[in-house]
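Now for the letters of each chain:
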Amino acid sequence: MRNNPTCETRSGSIATVGFIARPAHGTRLRAAVSHEWFALSAPCGRRKGSSMAPTMHLPQAFVFDCDGTLLDSMGTWLSIQPRLLATYGVTATSDDFAEFEHLSVEDECAAYRVKWNLDATGEEIYQRLMDMLRDEYATTIVARTGAHAFLEEAARAGIPMAIATSTPAFLVEAGLRHNNMDGFFSSITTTGEAGASK
């Protein structure tokens, strides 16, 4: 597993920021990067009006992962499933969800219904999960340390920015608005829309 975000620095390139990590308990892949965001600016060069280091060429664009890269949301994703089941009167730990790792979120919720004999449809369970997550992204989840400052520097340097994520766009948008980061990005593309994994 890599311990630092990638930052492609060849002239005319597109830099991807973030990487995918598998939590120890086996739940869905989520992003995680070093807290030291400021280190990203050192190898990525400088443009006029930017304080980014001048040592190398800047990329043409940045494409960011979201969870664990821009937003400090790892803890939410690691705890949300047991909290969801608790609303149905079921006690579970994060280890109970390893068997669902290969499933989409929708199929995972349908599997909860079968395994724990929940009195709800898979769609109803999924909607409750999304409602819980929407509240977390809109009110609780904060930006990763240094992320906002990095985005400001990239914007001052005139570098376009976008997000590629496996998280539903409405959650990402809610989290960005909550942290005053929604104005930095020209687009958000999800793996569901693209029909491909990150």
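Just so it is clear, the model here is predicted, and its values are computed rather than measured.

Cut-off values and rules
Residues numbered from 1 in each chain as written. Predicted model: local features only at pLDDT ≥ 70, side-chain atom pairs only at ≥ 80, totals over all residues. Heavy atoms only, no water. Salt bridge = Lys/Arg side-chain N within 4 Å of Asp/Glu carboxyl O. Helix = DSSP H or I, 4+ residues; strand = E, 2+ residues; numbered from the N terminus. Buried < 20%, exposed > 50% of the residue type's maximum accessible area, 1.4 Å probe, protein only. Pairing = 2+ DSSP bridges. Right-handed = clockwise from strand over helix to strand, strands pointing away. Phe/Tyr/Trp six-rings, centres within 6.5 Å; stacked < 30°, edge-to-face > 60°. pLDDT = per-residue confidence, 0-100. Contact = heavy atoms within 4.5 Å. Axes fitted to C-alpha atoms, helices over the stretch in contact; angles between N-to-C directions. Parallel < 35°, antiparallel > 145°, perpendicular 65-115°, else oblique. Left-handed = near helix turned anticlockwise from the far one by under 90°. Nonpolar A, V, L, I, M, F, W, Y, C, P; charged D, E, K, R; others polar. Core = buried A, V, L, I, M, F, W, Y, C linked by side-chain atoms within 4.5 Å.

Remarks on the pattern of salt bridges
Per the counting criterion, the structure on display carries three salt bridges. E99 serves as the salt-bridge partner of K115, at 2.5 Å between the closest nitrogen and oxygen. Placement of the pair is K115 in helix 3 (residues 105-116) and E99 in the loop between helix 2 (74-86) and helix 3, with a sequence separation of 16 residues. Overall, the relative accessible area of 45% leaves E99 in the partly exposed class. E153 is the salt-bridge partner of R156, the closest N and O atoms lying 2.5 Å from each other. In this pair, R156 and E153 are both assigned in helix 5 (residues 147-156), three residues apart and thus about one turn of the helix distant. Judged by relative accessible area, R156 falls into the partly exposed class, the value being 46%. Here E153 falls in the buried class, since its relative accessible area comes to 16%.

Side note on unusual backbone geometry
Here N117, not a glycine, exhibits a phi torsion of approximately 50°, which is positive. Relative to the elements of secondary structure, N117 occurs in the loop between helix 3 and helix 4 (122-139).

Points about the pairing of strand 6 (residues 187-190)
It is a general feature of regular strands that their side chains alternate between the two faces of the sheet. When strand 5 (residues 161-165) meets strand 6, the two strands line up parallel, connected through four bridges. Bridge pairing links A164 to T189 in strand 6. Once you follow strand 5 into helix 6 (residues 169-178) and on to strand 6, the crossover reads as right-handed.

With respect to the packing of aromatic side chains
For the structure on display, the rule yields ten aromatic pairs. Aromatic side chains F64 and F185 sit 5.9 Å apart centroid to centroid with 80° between the ring planes, which places their arrangement in the edge-to-face category. Pair noted here: F64 is in strand 4 (residues 61-64) and F185 is in the loop between helix 6 and strand 6, with a separation of 121 residues, a long-range link. The same class applies to F64 and to F185, which are both buried. For the ring pair F97 and W116, a centre distance of 5.6 Å and an interplane angle of 45° mean the geometry is tilted. You can see F97 sitting in the loop between helix 2 and helix 3 and its partner W116 sitting in helix 3, a full 19 residues away along the chain. The pair formed by F97 and W116 is uniform in burial state, with each residue classed as buried.

Brief notes about the confidence of the model for the protein
Predicted coordinates in areas of low pLDDT are best not read in detail. Per-residue confidence for the protein averages 78 on the pLDDT scale, and 70% of its residues sit at or above 70. The lowest-confidence element of the protein is strand 3 (residues 30-31), averaging 31 in pLDDT; the highest-confidence one is helix 4, averaging 98. Within the model, the stretch residues 1-11 combines pLDDT values under 50 with 30 contacts to residues more than four positions away or in other chains. Overall, residues 19-48 carries pLDDT values under 50, and its contacts beyond four positions in sequence, including any with other chains, amount to 111 contacts.

Observations concerning the environment of D119
Within the fold, D119 resides in the loop between helix 3 and helix 4. Separated by 31 residues in the primary sequence, D119 and Y88 have C-alpha atoms spaced 7.9 Å apart.

As for the packing of helix 3 against helix 4
Remark: helix 3 packs on helix 4, axes separated minimally by 8 Å, with the N-to-C direction vectors making an angle of 120°. Classified by the angle between their axes, helix 3 and helix 4 sit oblique to one another. As helix 3 runs across helix 4, the sense of the crossing is right-handed. Facing helix 3, whose interface residues are V105, E106, C109, A110, Y112 and R113, helix 4 presents G122, I125, Y126, L129 and M130. Broken down by class, the residue content of the contact of helix 3 with helix 4 amounts to eight nonpolar, one polar and two charged.

Considering the nonpolar core
If you look at the biggest cluster of nonpolar residues, it comprises 44 residues, and the most contacted ones within it are F64, Y112, W116 and F185. Taken together, the elements giving at least two residues each to this core come down to strand 4, helix 2, helix 3, helix 4, helix 5, strand 5 and helix 6. Among the elements that make up this core, the one with the highest residue count is helix 4 (seven residues). In this structure, Y112 is in contact with Q81, L84, L85, F97, F100, N117, L118 and I125, ignoring residues within four places of it in sequence.

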